[in-house]
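# Summary of structural features
So the chains spell out like this:
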Amino acid sequence: SQTIHQWPATLVQPVGSPLSLECTVEGTSNPNLYWYRQAAGRGLQLLFYSVGIGQISSEVPQNLSASRPQDRQFILSSKKLLLSDSGFYLCAWLQGKTQYFGPGTRLLVL
Amino acid sequence: GIQVEQSPPDLILQEGANSTLRCNFSDSVNNLQWFHQNPWGQLINLFYIPSGTKQNGRLSATTVATERYSLLYISSSQTTDSGVYFCAVPAGGDKIIFGKGTRLHILP
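All of the points below concern the structure found in this document.

About the thresholds
- Along every chain, residues carry numbers that run from 1 in the direction the sequence is written.
- Chains carry letters and ligands carry numbers; both start at the beginning, A for chains and 1 for ligands, and go up in the order they are written.
- The predicted nature of this model means local features are confined to residues of pLDDT at least 70 and side-chain atom pairs, given and counted, to a pLDDT of 80 or more, with totals for whole chains, interfaces and linings taken over all residues.
- In computing side-chain properties, one takes all heavy atoms of the structure into account and sets aside hydrogens as well as water.
- Strands are runs of DSSP state E lasting at least two residues, helices are runs of H or I lasting at least four, and both sets are numbered from the N terminus onward.
- C-alpha atoms define the radius of gyration, and 2.2 Å times the number of residues to the power 0.38 defines the globule rule.
- Per-residue accessibility, obtained with a 1.4 Å probe over protein chains only, is compared with the maximum for each type, and a residue is labelled buried under 20%, exposed over 50%, and partly exposed between these values.
- Every case where a carboxyl oxygen of Asp or Glu lies within 4 Å of a side-chain nitrogen of Lys or Arg is listed as a salt bridge.
- Contacts are residue-level and defined by heavy atoms, with any inter-residue pair within 4.5 Å sufficient.
- Using a 1.4 Å probe, buried area is obtained as the accessible area two parts lose upon being combined, added over both of them.
- Contacts described as polar in this section are N or O atom pairs within 3.5 Å, which, within protein, must combine one atom able to donate a hydrogen with one able to accept it, while residues neighboring in sequence count only if both atoms come from side chains.
- Charged residues are taken to be Asp, Glu, Lys and Arg, nonpolar residues to be Ala, Val, Leu, Ile, Met, Phe, Trp, Tyr, Cys and Pro, and polar residues to be all remaining types, Gly included.
- Pairing between two strands requires that DSSP report at least two bridges joining them.
- Every axis corresponds to a line fitted to the C-alpha atoms, with the helix fit spanning only the stretch in contact, and the corresponding angles, defined between N-to-C directions, vary from 0 to 180 degrees.

## Quick word on the overall build of chain B
For chain B, the count of helices and strands is 0 helices and 11 strands. When the elements of chain B are put in sequence order from the N terminus, they spell out β-β-β-β-β-β-β-β-β-β-β. Computed over the C-alpha atoms, the radius of gyration of chain B is 13 Å, within 12% of the 13 Å expected from 2.2 N^0.38 for a compact globule of 108 residues. Of all 108 residues assigned to chain B, the portion counted as buried reaches 46%.

What follows is the structure in structure tokens.
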């Protein structure tokens, strides 16, 4: 069966520090992968999506970036975190027309 | 781009009550998903329902694609139904966007 992993589960980082969040998927190949952010409140904001290795579409111009170095690995990065980067980061993959989400990473920038 | 609106934004019900959540979208879609986010943040896919009606236990969903809305019905609510309910639709290519959700609180 397919599973999706995210780590770390929680992270507290100072302003200006770098960030690397990792998402990996098991049990499937060539999935569409997505990064969403959920800030205080409830909306899910699409940040990046990828349809294949090295293919990244950015939805929100900001200080975050994404990479897909391997078929089932999706990484969210930042060189310098801002206070506004705090939130709940969710990775998802698409099977057919149904999305499945990882457990998320809670990021607090102080 | 396509807009997704969910209503009501918040709903408080007594255990055992029924509820109807609505999702309106501004353009035709070939895919619509309903999700439940539990209080711990986990998002669970409830339905993939581009049109028609589906049922799964106490939950059912109906999408009227021609009128650009979908409804999620929860019958005989339980406290475990609490959380936020989202609908999500394609927004061009492989993009999928979410509504702002309906926060449901079921009182024991």
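## Quick word on the pattern of salt bridges
This structure, assessed with the given rule, holds 4 salt bridges over all chains. A salt bridge links R37 of chain A to D85 of chain A; its shortest N-O distance comes to 3.5 Å. Placement of R37 of chain A in strand 4 (residues 32–38) and of D85 of chain A in the loop between strand 8 (73–78) and strand 9 (87–95) is noted, with a sequence separation of 48 residues between them. Of the two residues, R37 of chain A and D85 of chain A, neither departs from the other in class, the shared state being buried. Taking the shortest distance from any N to any O, the salt bridge between K95 of chain B and E59 of chain A comes out at 2.9 Å. You can see K95 of chain B sitting in the loop between strand 9 (83–90) and strand 10 (96–98) and its partner E59 of chain A sitting in the loop between strand 6 (55–58) and strand 7 (64–70), one on each of two chains.

## A word on the interface of chain B and chain A
A common measure of how large an interface is: the accessible area buried when the components associate. Contact residues are listed per partner, giving 22 residues for chain B and 22 residues for chain A. Together, the buried faces of chain B and chain A total about 1,800 Å²; carbon and sulfur atoms form 50% of this surface. Counting across the chain B and chain A interface gives 1 salt bridge. Counting every contact that joins chain B to chain A gives 10 residue pairs in polar contact (both at pLDDT 80 or more). Contributing elements (two or more residues each) for the side of chain B that touches chain A: strand 4 (33–37), strand 5 (43–48), strand 9 and strand 10 of chain B. Looking at the side of chain B that touches chain A residue by residue, the class counts come to 9 nonpolar, 8 polar and 5 charged.

## A few points about the side chain of S50 of chain A
All names here are of chain A. Residue position: S50 is located in strand 5 (residues 45–52). S50 sits in the buried class, given a relative accessible area of 1%. Of the polar contacts made by the side chain of S50, one reaches the backbone oxygen of G52; its length is 2.9 Å. From its side chain, S50 meets the backbone oxygen of Q55 in a polar contact 2.6 Å long. Leave out the neighbours within four places in its chain, and S50 touches P31, N32, L33, Q55, I56, R68 and F74.

## Some points on the sheet that holds strand 8 (residues 69–74) of chain B
Residues and elements named next belong to chain B. Across the sheet, 5 strands lie side by side as 1-3-8-7-6; this open sheet has antiparallel pairing. Of all the strands in the sheet, just strand 1 (4–7) and strand 6 (52–56) have a single pairing partner and so form its edges. On average, each strand axis in the sheet is inclined to that of its neighbour by 15°, with strand direction left out of account. Taken together, the 6 bridges between strand 7 (residues 59–64) and strand 8 define a ladder with antiparallel strand orientation. Note that in strand 8 the partner of V64 across the bridge is Y69.

## Looking at the pairing of strand 7 of chain B
Residues and elements named next belong to chain B. The buried count for strand 7 comes to 5 of 6 residues, which makes it a mostly enclosed element. As defined by bridge partners, strand 6 adjoins strand 7 across 5 bridges and the pair is classed as antiparallel. By the bridge assignment, N56 is partnered in strand 7 with L59. The antiparallel pairing of strand 6 with strand 7 creates a hairpin that spans 2 residues between the two strands, and G57 there sits at a positive phi of about 65°. What sits between strand 7 and strand 8 in their antiparallel hairpin is a turn of 4 residues, with R68 showing a positive phi close to 60°.

So, to be careful, I would describe these as geometric facts and stop short of saying anything about function.
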